[in-house]
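# Remarks on the overall topology
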Amino acid sequence: MVSDDQLTHKRIRLRIPKDYHQEPVISRLVSNYGLTVNITAAILGANGIGDGWFDLDLQGTSTQIESALTYINDLDLEIWHDIDTASW
């Protein structure tokens, strides 16, 4: 069990639909939830056309990560947990 103040990592794959391209979703994970976010892979069409797909490595406390995941769920974005980025 990870304590609430111990740093941990969580890997996710996140789909950000075209309608959210002007929304600073990833930036807010840093500014609002205090996470360190490493983008390990991304697919975004030319000129931002279509959905964006991002593989993210989130680092923070379990409380910070859970709060950030709640934010993503509240936006109703597709998210896959503990993904294997080698499959891309």
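On a predicted model such as this, the values are computed, not experimentally measured, just so you know.

## Here we look at the overall build of the protein
Across its full length, the protein holds two helices and four strands. Helices (α) and strands (β) of the protein occur, in sequence order from the N terminus, as β-α-β-β-α-β. By sequence separation, contacts in the protein at least 24 residues apart represent 74% of the contacts at least 6 residues apart. Accessible surface, the protein as shown: approximately 5400 Å² in total, 48% of it carbon and sulfur.

## With respect to the packing of aromatic side chains
Aromatic ring pairs are reported here in terms of the distance separating the ring centres and the angle at which the planes meet. Overall, the coordinates contain two aromatic pairs when judged by the stated rule. With 5.6 Å between their ring centres and 35° between their planes, Tyr33 and Tyr71 make a pair best called tilted. Taken together, the residues Tyr33 in the loop between helix H1 (25-31) and strand S2 (36-44) and Tyr71 in helix H2 (residues 62-74) connect sequence positions 38 residues apart. Judged by its relative accessible area of 21%, Tyr33 is partly exposed.

Each value, and the rule that gives it
- Residues numbered from 1 in each chain as written.
- Predicted model: local features only at pLDDT ≥ 70, side-chain atom pairs only at ≥ 80, totals over all residues.
- Heavy atoms only, no water.
- Helix = DSSP H or I, 4+ residues; strand = E, 2+ residues; numbered from the N terminus.
- Contact = heavy atoms within 4.5 Å.
- Areas by Shrake-Rupley, 256 points an atom, 1.4 Å probe, with all protein chains shown as cover.
- Phe/Tyr/Trp six-rings, centres within 6.5 Å; stacked < 30°, edge-to-face > 60°.
- Buried < 20%, exposed > 50% of the residue type's maximum accessible area, 1.4 Å probe, protein only.

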